[in-house]
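Observations on the three-dimensional arrangement
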Amino acid sequence: MSSGKNSRREVISYRQHFAAVWQRFVLQNFDSPAHAAHVFQVDASTADNWFRGLNAPSGWVVGKAISDPQMRDAALHLLTGQP
């Protein structure tokens, strides 16, 4: 991965891509936005936005998903695209 600066367009494009990836993760692993909100300790509107693909979480939420033994495999699979 390059350590150079990315254009604003590349950053926005990746943010949109990541929102779609995170949306797949929450749809596949949580029963509802309320369930995801409870697990990640975020407000209901934040989790609802994840379910609708409108935004993605901050790094600490992703870190929690990766560090939790029950979510790790699913999170890493979606985030890396590898089995």
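Let me sum up the structure you'll find in this document. Just so you know, these numbers come straight off a predicted model, no measurement behind them.

We now examine the packing of helix α4 (residues 59–67) against helix α5 (residues 72–80). Between α4 and α5, the shortest axis-to-axis distance is 6 Å and the interhelical angle comes to 125°. In terms of orientation, α4 lies oblique with respect to α5. Taken together, the residues of α5 that come into contact with α4 (itself represented by Val-62, Ala-65, Ile-66 and Ser-67) are Arg-72, Ala-75, Leu-76 and Leu-79. When its residues are assigned to classes, the contact of α4 with α5 shows six nonpolar, one polar and one charged.

The subject of this paragraph is the nonpolar core. In a soluble, globular protein the nonpolar side chains are often hidden away together inside. Formed by 19 residues in total, the largest nonpolar core has its most connected members in Trp-22, Phe-25, Val-26, Phe-30, Phe-40, Trp-50 and Ala-65. Mapped by element, the contributors of at least two residues to this core are α1 (8–29), α2 (33–40), α3 (44–51), α4 and α5. Counting residues per element, this core draws most heavily on α1, which supplies five residues. Ignoring any residue separated from it by four or fewer positions in sequence, one finds Ala-65 in contact with Trp-22, Phe-25, Phe-40, Met-71, Arg-72 and Ala-75.

On to α4. Think of an α-helix as turning once every 3.6 residues; residues three or four places apart then point the same way. Every buried residue of α4 is accounted for by Val-61, Val-62 and Ala-65. Down the axis of α4, the buried set is contained in an arc of 100°. They therefore lie on one face.

Here the focus is the pattern of salt bridges. By the definition in use, this model includes one salt bridge. Here Asp-48 ties to Arg-52 by a salt bridge, and the two come within 3.4 Å at their closest N and O atoms. Classification of Asp-48 by relative accessible area gives partly exposed; the value is 31%.

Calculation rules
- Residue numbers here run from 1 along each chain, matching the order of that chain's written sequence.
- pLDDT decides what is reported in this predicted model: residues at 70 or higher carry local features, side-chain atom pairs at 80 or more are listed and counted, and totals for whole chains, interfaces and linings draw on all residues regardless.
- Excluding hydrogens and water, the side-chain figures rest on all heavy atoms present in the structure.
- Comment: axis = line fitted to C-alpha atoms, over the contacting stretch for helices; angle = value between 0 and 180 degrees taken between N-to-C directions.
- Secondary structure elements are defined from DSSP: runs of H or I of at least 4 residues count as helices, runs of E of at least 2 residues count as strands, and each element is numbered from the N terminus.
- Oblique is the label for any angle not under 35 degrees, not over 145, and not in the 65 to 115 range, which are roughly parallel, roughly antiparallel and roughly perpendicular in turn.
- When checking whether two residues touch, look at their non-hydrogen atoms; a contact exists if any pair is within 4.5 Å.
- Each residue gets one label: Ala, Val, Leu, Ile, Met, Phe, Trp, Tyr, Cys and Pro are nonpolar, Asp, Glu, Lys and Arg are charged, and the others, such as Gly, are polar.
- Among the buried residues, those of types Ala, Val, Leu, Ile, Met, Phe, Trp, Tyr and Cys that are joined through side-chain atoms within 4.5 Å form a nonpolar core.
- Each residue gets one of three labels from its accessible area relative to the maximum for its type: buried under 20%, exposed over 50%, partly exposed in between, using a 1.4 Å probe on protein chains only.
- Summarising the geometry, the arc corresponds to the directions from the helix axis toward the C-beta atoms.
- One side-chain nitrogen of Lys or Arg within 4 Å of one carboxyl oxygen of Asp or Glu is enough to make a salt bridge.

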